[in-house]
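# What the coordinates show
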Amino acid sequence: MPKPTAEITLSGTTHQLTREAVETAASSLTPANGARGLNYVWYALVGTNLYYVVALAAAAAGQPLPSRPTDYVRDARLALKALGIPIMCWANDELLDKGHPLHTA
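Starting afresh in each chain, residues are numbered from 1 along the sequence in its written order. Local features in this predicted model are restricted to residues whose pLDDT is 70 or higher, and side-chain atom pairs enter the listing and the counts only when it is 80 or higher, whereas totals over whole chains, interfaces and linings include all residues. Water and hydrogen atoms were dropped before computing side-chain values, which therefore reflect all heavy atoms in the structure.

### Regarding the pattern of salt bridges
Think of it this way: side chains of opposite charge can pair up when their charged atoms draw near. Counted as salt bridges are all cases of a side-chain nitrogen of Lys or Arg within 4 Å of a carboxyl oxygen of Asp or Glu. This structure, assessed with the given rule, holds three salt bridges. In this structure, the salt-bridge partner of Glu23 is Arg19, at a minimum N-O distance of 3.1 Å. Of this pair, Glu23 and Arg19 are both found in helix 1 (residues 19-28), four residues apart, which corresponds to roughly one turn of the helix. In this structure, Asp75 and Arg74 form a salt bridge, with 3.8 Å as the shortest nitrogen-oxygen distance. A helix here means a DSSP run of H or I that spans at least four residues, while a strand means a run of E at least two residues long, and both kinds are numbered starting from the N terminus.

Structure (structure tokens):
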């Protein structure tokens, strides 16, 4: 049975990702610390650590972090999700206290 793969396009080149490549990449990355700002609000859970989705997907593809990671958040999120990697998002105090306006109006 073939291993599931997902595609991500970084800087115009499409790369195939596997869950194994993602797990290997995670072992070489520093876990997310939440102090990098809104460009880094999406995380992937690998093992017991959270990693920034773009950094993780790029590392799994054998590529450096793109100069504009924000441009790749959606694609990284969807590729990692397709491999069964849990994805999470950061929420600030206002969002936690009041909820999302589309859900509470």
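### Points about helix 1
Taken together, the buried positions of helix 1 are occupied by Val22, Ala25 and Ala26. End-on, the buried residues of helix 1 take up no more than an arc of 105 degrees, which puts them together on one face. Turned more than 90 degrees away from the buried face of helix 1, the exposed residues are Thr24, Ser27 and Ser28. Its buried side turned inward, helix 1 meets strand 2 (13-18), strand 3 (42-46), strand 4 (49-52), helix 2 (53-60) and helix 3 (73-82). The buried label goes to any residue with under 20% of its type's maximum accessible area, the exposed label to any with over 50%, and the partly exposed label to all in between, with areas taken from a 1.4 Å probe on protein chains only. The arc under discussion is defined with respect to the helix axis, by the directions toward the C-beta atoms. Between two residues, a contact is recorded if the distance between any of their heavy atoms is within 4.5 Å.

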